[in-house]
Each structure stands twice: as C-alpha cells, then as structure tokens.
Amino acid sequence: MITVLFGPPGSGKGTQAMAVAGRFGLPHVSTGEMLRAEVEQDSELGREVAPIMSSGRLISDELMIRVIESRLQRADAAQGVLLDGFPRTVPQAQALDAMLKRGTRQVDLVLAFVVAEDVLRARILRRGEIEHRADDTADAFAQRMTQYHEETAPVLEHYAAEGTHIEQIQGEGTISEVTERIADAFNRSRVVPAS
Ligand code: AP5
Ligand code: MG
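Residues numbered from 1 in each chain as written. Chains lettered and ligands numbered in written order. Predicted model: local features only at pLDDT ≥ 70, side-chain atom pairs only at ≥ 80, totals over all residues. Heavy atoms only, no water.

Peer 1: I'd like a rundown of helix α6 (residues 117–131), residues and numbers included.
Peer 2: Its 15 residues give α6 an end-to-end C-alpha distance of 21 Å, which sits within 8% of 21 Å, the value for a rise of 1.5 Å per residue. Residues of α6 that are buried: Leu120, Ile124 and Gly128. Down the axis of α6, the buried side of the element spans an arc of 70°, and every buried residue falls inside it. The exposed set on the far side of α6, more than 90 degrees from its buried face, consists of Asp118, Arg126, Glu129 and Ile130. (Helix = DSSP H or I, 4+ residues; strand = E, 2+ residues; numbered from the N terminus. Expected span 1.5 Å × (residues − 1). Buried < 20%, exposed > 50% of the residue type's maximum accessible area, 1.4 Å probe, protein only. Arc of directions from axis to C-beta.)

Following this line, the structure appears as structure tokens:
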C-alpha cells in the first residue's frame, strides 16, 4: 500500500498525510520534514541542503533517492507508506518504481491535490508569518512553483503512462472536508480497507 501524495507547495500534502496516517495506520514519510530535521540538527547534510531549500530549489535526485531508499528499508514501511514530497521529478519516480519492484511492490495510489495558485500563495505566506519556515517567502514560493511546473508536474504523466491509479483530490475547503475526500478515494481504489 504505497500511496503518493502529489501536489504543488501548499496544497495540503503534509496536513492531510498527518490526518490520514493515524486513521489508516500508515507511516507518513515526508522528505521535506526529513530534510528540515537535518537542518535543525545542523548536520553535514543539513548544512548542504539548507541554502537550496530556502531558495525554493530542489535537492539533487541522487541525494533524495538515497534518503528515500534507506527510509523505505525501515521495518515500519513494510506494510506501506504515505509518501509526501517524493517523488518530485521523473528520475525520482523511475528510481522509486525500480526499488519497489525489487520487493515486488509498486505505487498503488496517487492522490493528486488540485488547489488554485492564489490559494496556495495565501496559505504559504500566512504560514511564513506564523512559523517562519525559511522557504515560505514570496520569492521562494515563486521558485517552488516554477520547480513544480518544470520538474514535478511531469511525474503525474509518468504515473498515468504506467497505468497507476490516480485520484484527483479537490484540495480547497476545510481540512476535514479534504480528509473525507481522501477517505472516499481510498475506498474507491480499494488499496486500504475503510476505517
Ligand atoms: P516540502 O516540505 O515537501 O515542501 P512543499 O511541497 O514545497 O510545500 P509544503 O510542505 O508547504 O506543502 P504541502 O502540500 O505539504 O502543504 P501543507 O500541508 O504544509 O519540500 C521543501 C523543500 O525540500 C523543497 O523545496 C526542496 O528544496 C526539498 N525537497 C523535499 N523533497 C524533495 C525531493 N523529493 N526532491 C528534491 N528536493 C526535495 O499546507 C500548507 C499550509 O496550508 C499550512 O499552513 C496548512 O496549515 C495550510 N492548509 C493546509 N490545508 C488547508 C486547508 N484545507 N485550508 C486552509 N489551510 C490549509
Ligand atoms: Mg509539506
């Protein structure tokens, strides 16, 4: 039960992953959170990625593939995971397919969040005022959107070409309304039993 939460910055991937992780008993694997933890710890990796993240650009595929490969080998990932923020490029998606295939697994479901860009911007700038996340500035948001359109949007075409089950999720409305849409999508896809 490998589910990919897919969508632009601010579309609610992290918020919704947290909401459904407990409900479906699947670990939330967020590459952004993992990298922010490294920055917080001031590790060698954290020092390497911090300036790239705060500018809104993407970390190299090679590094991200290594990070996710070791995360998926942990015992709690055996029953499946909610992937948030990975894959973010077509090479990352291809590498994920290859590593899952080695364990006779695959991506079972892609939840693709749809949110208007002005709503995304408003969410990110509001969080920037409250939490001061380094990339929640107007400039970094613009760069994150550029990266999304150029590098990340093609990932959805990759999964469509692979015949992966994709569910479009209307990501506007209250957080709990969106969570219910996701629960319905899980039920339709039948990859996770209804709670
Ligand atoms: P990452 O942490 O993945 O950031 P992101 O996808 O750019 O953006 P967000 O996390 O802000 O979006 P989200 O969709 O999770 O929305 P959220 O739930 O937080 O990546 C950060 C950086 O790390 C990248 O730019 C890159 O540098 C690096 N990186 C990470 N993974 C990588 C990879 N695979 N390859 C290369 N580089 C990588 O919600 C946003 C806000 O909106 C919150 O305040 C939330 O409370 C609010 N909100 C959510 N839902 C609603 C709602 N329904 N109504 C009102 N407000 C809402
Ligand atoms: Mg997030």
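What follows picks up the thread again.
Peer 1: Could you give an account of the site of ligand 1, naming the residues involved and the relevant values?
Peer 2: The local shell around ligand 1 holds 31 residues, among which Lys13, Thr15, Thr31, Arg57 and Arg127 are the closest. Gly12 places a main-chain nitrogen or oxygen 3.1 Å from an oxygen atom of ligand 1. One of the side-chain N or O atoms of Gln92 is found 3.0 Å from a nitrogen atom in ligand 1. Expressed as a share of its isolated accessible area of 1000 Å², the protein-covered part of ligand 1 is 89%. (Near = heavy atom within 4 Å. Polar contact = N/O pair within 3.5 Å; in protein donor to acceptor, adjacent residues only side chain to side chain. Areas by Shrake-Rupley, 256 points an atom, 1.4 Å probe, with all protein chains shown as cover.)

Peer 1: Go over helix α1 (residues 13–24) with me, naming the residues and quoting the values.
Peer 2: Taking 1.5 Å of rise per residue, twelve residues should cover 16 Å, and α1 covers 16 Å from first to last C-alpha, within 8% of that figure. Here α1 has its buried residues at Lys13, Gln16, Ala17, Val20, Ala21 and Phe24. Down the axis of α1, the buried side of the element spans an arc of 140°, and every buried residue falls inside it. Looking at α1, the residues exposed on the side facing more than 90 degrees away from the buried face are Met18 and Gly22. Gly25 sits one or two positions beyond α1 and adopts a positive phi of about 65°.

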